[in-house]
Amino acid sequence: IKDIKWLYRTGSMITASSDGSLKILSGIFANKASQITLRNTGQNNECLILSADEKTAAVGTNGGGLLFLELENQGAVVRQSTDGGKIILFLANLGKSGDFLAAGTENRILKWNYDSRESAEFITTEGRPSALAASSNGQKVAYATRDGKLYELNAADPTSAKLVGDYGRTHVRAIAYSPGGQVMVIGSVLPCSGTA
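(A) Molecular detail of the overall build of the chain. What the chain contains, in helices and strands, is 0 helices and 18 strands. Whereas a compact globule of 196 residues would reach a radius of gyration of roughly 16 Å, the chain reaches 17 Å, a difference of no more than 12%. In terms of its C-alpha atoms, the chain occupies a principal-axis envelope of roughly 50 × 35 × 30 Å. By the burial criterion, 46% of the 196 residues in the chain qualify as buried. Put simply, of all contacts in the chain between residues at least 6 apart along the chain, 37% involve residues at least 24 apart. Carbon and sulfur atoms form 49% of the exposed surface of the chain, whose accessible area is close to 9700 Å². Across the chain, the mean location of the 20 positive side-chain charges is 5 Å away from that of the 18 negative side-chain charges.

(B) Geometry of the packing of aromatic side chains. Counted by the stated rule, this structure contains 4 aromatic pairs. Arranged with centres 4.7 Å apart and planes meeting at 40°, the rings of Phe100 and Tyr114 form a pair that is tilted. Separated by 14 residues along the polypeptide, Phe100 in strand β10 (residues 99-104) and Tyr114 in the loop between β11 (108-113) and β12 (119-124) bring together distant segments of the chain. Residue Phe100 shares its accessibility class with Tyr114, and that shared class is buried. What links up through ring pairs into an aromatic cluster is the set Phe68, Phe100, Trp112 and Tyr114.

(C) Local environment of the pairing of β11. With 5 bridges connecting them, β10 and β11 associate as antiparallel partners. Bridge assignment links Ala103 to a residue of β11, and that residue is Ile109. The turn linking β10 back onto β11 is made up of 3 residues. Taken together, the 5 bridges between β11 and β12 define a ladder with antiparallel strand orientation. Considered in β12, the bridge of Trp112 is made with Ser119.

(D) Unusual backbone geometry, seen in detail. Here the phi dihedral of Gln74 falls at roughly 60°; this positive angle occurs in a residue that is not glycine. Judged by its relative accessible area of 51%, Gln74 falls in the exposed class. At Arg117, a residue that is not glycine, the phi angle is positive and equals roughly 60°. Assignment of secondary structure puts Arg117 in the loop between β11 and β12.

(E) Just the sheet that holds strand β9 (residues 88-93), in detail. Taken together, the 4 strands give an open sheet; going across it, the order is β9-β10-β11-β12, and neighbouring strands pair in antiparallel fashion. Two strands bound the open sheet, and with one partner strand each, they are β9 and β12. Taken pair by pair, the neighbouring strands of this sheet meet at an average axis angle of 30°, ignoring direction. Relative to β10, β9 runs antiparallel, the two being bridged by 5 bridges. Across the sheet, Phe90 pairs through a bridge with Ala103, a residue of β10.

(F) A look at the side chain of Ser130. Relative to the helices and strands, Ser130 resides in strand β13 (residues 129-134). In this structure Ser130 touches Phe90, Ala144, Thr145, Arg146, His171, Val172 and Arg173, once residues within four positions along its chain are discounted.

What counts as what
- Residues numbered from 1 in each chain as written.
- Predicted model: local features only at pLDDT ≥ 70, side-chain atom pairs only at ≥ 80, totals over all residues.
- Heavy atoms only, no water.
- Helix = DSSP H or I, 4+ residues; strand = E, 2+ residues; numbered from the N terminus.
- Rg over C-alpha atoms; globule rule 2.2 N^0.38 Å.
- Buried < 20%, exposed > 50% of the residue type's maximum accessible area, 1.4 Å probe, protein only.
- Contact = heavy atoms within 4.5 Å.
- Areas by Shrake-Rupley, 256 points an atom, 1.4 Å probe, with all protein chains shown as cover.
- Lys, Arg positive; Asp, Glu negative; His and termini not counted.
- Charge placed at Lys NZ, Arg CZ, Asp CG, Glu CD.
- Phe/Tyr/Trp six-rings, centres within 6.5 Å; stacked < 30°, edge-to-face > 60°.
- Pairing = 2+ DSSP bridges.
- Axes fitted to C-alpha atoms, helices over the stretch in contact; angles between N-to-C directions.

Rendered as structure tokens:
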């Protein structure tokens, strides 16, 4: 399993695995009979995100780019795109706006829309992204790069990106915002020894 998201409408969760499988787990999680297996993507799934109405999932893959799936249609892939490259490792919803961000191994982050399934360049990064997050209201975005730098910006103005941390060779691997978006936490493989 590479990623898990809650389905709040049903109290279930959906998992994406590296073998291409997508499953909805409900009821007693240990009971295999309670699992709903969706169509296999045929890709190495890396990350998963859901639209606010939980009808559409976007799945980042290692080799197949970004997939849009209709959850109410057994997880049928309705669009596949390599606009952001063939490898998509990070996804972040911009609140409930219907937009989300995607990043992979290219030095850029794209902004996607669930309804149109179209993308536009959000920001070009100086280094390859190593982590990506957005506040729950979609107003703040943070991303880290493999050269150890951490940036934060206003989602409505991508040119507002400011360097907020430089951790040298210890790059940030995870970013999360507190529910209100006032606090950002980061995680790395090694203890961070840079400036923040």
